[in-house]
Amino acid sequence: MKKRILSLILVFICVFTLPLTQSTVTAKSTKQKLKDVENKLEDKKDSLDSSKSKADDLSNQIESYDTKIEKLEKKIEEQESNKSKVEKSLEKAKKELKKAKEERKKYQDLLKERMEVMYMYGDTGYLDLIFSSENFSDLISKVITVQELVSYDQNIVKKLQDVEKQIQTKTDKIAKEKKELEDLISKLNSNKDDLDTLKIAKNAQLANVKGDIKDLKKEVEKLEAEQNELSNKLASQSGSSTNEIYNTGNGSLGWPTPGNYYVTSEQGYRYHPISGVYKYHAGMDIGLSYGDSVVAPANGRVTIAGWYGGYGYAVGIDAGLIKGKHVTILLGHNSSVKVSVGQKVRRGQTVAYGGSTGYSTGPHCHFEVHANGVTQNPRNWL
Ligand SMILES: [Zn+2]
């Protein structure tokens, strides 16, 4: 019985001492997990950025299709109105043609009739005509009249044939014009249909990308929450003084000046050391020595790298979405800058060296944070 109790005690000791002796190992694994989460987060943010730019591209394309479709619709409308004009003149020409044909036919029939009379009384027929005539003058008048009339009618028929031919040519020309317009309209319509099809396809793509963006935003938020949790866990595990100093806010950003934790001026209203005026201070000033490392407080992309007015040699970082807000960071008064615009930086990466350039009284790092364009107290994000 005593032996059993002793072994139980031993088990308890083992169970409870094991985690204690392995606390540094646990901290290391938390650090590793945090790193993994941060890597994943960076990847997702990159995907989100590329999805957003894809969505922008698609929207632009759709817009340009809309413009083109609108232009085509206008053109089609124009050509349709041209077509209806041409159709009207074609109808008119057809009527004219019909009338001309009728006129010509009337005279042709008349001519035929008179020719028949001519044949009937021509050559040998004259004798019959003579006997059928009441008198000589009647005969002469009959013969002359018929001959004259035939020649007159022949003339008229010829003229009418010319007129008919002209009208036929005109009608053919208008019909051809109408056919060309119809072809043009059908071509324009088919171009428009092609664009409509493309637009529908692009809209479907855009809907997909928008879905991706929604999913990615959710994933980013989830990873950020994980990152936050792990950062807090790491802080409690390592329990170092540095973490106690800066882990004052939501834990999203890292301290920008490792080894230098003395804050000479907080963000907010203060007496300005140079002007002596009570005024707003957009960032937090951390004392350091010339050449000390200034590091990126978050993963992101460099937007400013060089002289930046009163900020001296400054580094601006676009950290993307953090806690659902677009966060940008400015680190000012450095002696030199180590990065260049467009470069991707990781949290903790040295981006500049401490100094006192610009509007500054001594070496310090001016640490400024904006969320959705609004100045923040950096402490709320540390
Ligand atoms: Zn400052």
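Coordinates for the structure precede this section.
In this report, we go over the structure that sits alongside the text.

Criteria and thresholds
- Residues numbered from 1 in each chain as written.
- Predicted model: local features only at pLDDT ≥ 70, side-chain atom pairs only at ≥ 80, totals over all residues.
- Heavy atoms only, no water.
- Phe/Tyr/Trp six-rings, centres within 6.5 Å; stacked < 30°, edge-to-face > 60°.
- Buried < 20%, exposed > 50% of the residue type's maximum accessible area, 1.4 Å probe, protein only.
- Salt bridge = Lys/Arg side-chain N within 4 Å of Asp/Glu carboxyl O.
- Helix = DSSP H or I, 4+ residues; strand = E, 2+ residues; numbered from the N terminus.

**Re the packing of aromatic side chains**
Alright, step 1. Considering all chains together, one arrives at 4 aromatic pairs under this definition.
Alright, step 2. Plain terms: the ring middles of Trp 255 and Tyr 261 are 5.8 Å apart, the flat faces sit at 45 degrees to each other, and that makes the pair tilted.
Alright, step 3. Accessibility expressed as a relative area gives 5% for Trp 255, which makes it buried.
Alright, step 4. Where Trp 307 meets Tyr 313, the ring centres are 5.1 Å apart and the plane angle is 85 degrees; that geometry is what we call edge-to-face.
Alright, step 5. For Trp 307, a relative accessible area of 52% puts it in the exposed group.

**Points about the pattern of salt bridges**
When charged atoms on two side chains of opposite charge get close, those side chains can pair.
Alright, step 1. Taken as a whole, this structure holds 16 salt bridges when the rule is applied.
Alright, step 2. One salt bridge connects Arg 347 with Glu 38, and the closest N-O pair in it is separated by 4.0 Å. Here Arg 347 is found in the loop between β10 (344-345) and β11 (350-353), whereas its partner Glu 38 is found in helix α2 (residues 23-121), with 309 residues between them in sequence.
Alright, step 3. Overall, Arg 347 belongs to the partly exposed group, its relative accessible area being 25%.
Alright, step 4. For Lys 192, the salt bridge goes to Glu 73, with nearest N and O atoms at 3.7 Å. On the criterion of sequence distance, the pair formed by Lys 192 in helix α4 (residues 136-238) and Glu 73 in helix α2 is long-range, its members being 119 residues apart.
Alright, step 5. For Lys 192, a relative accessible area of 17% puts it in the buried group.

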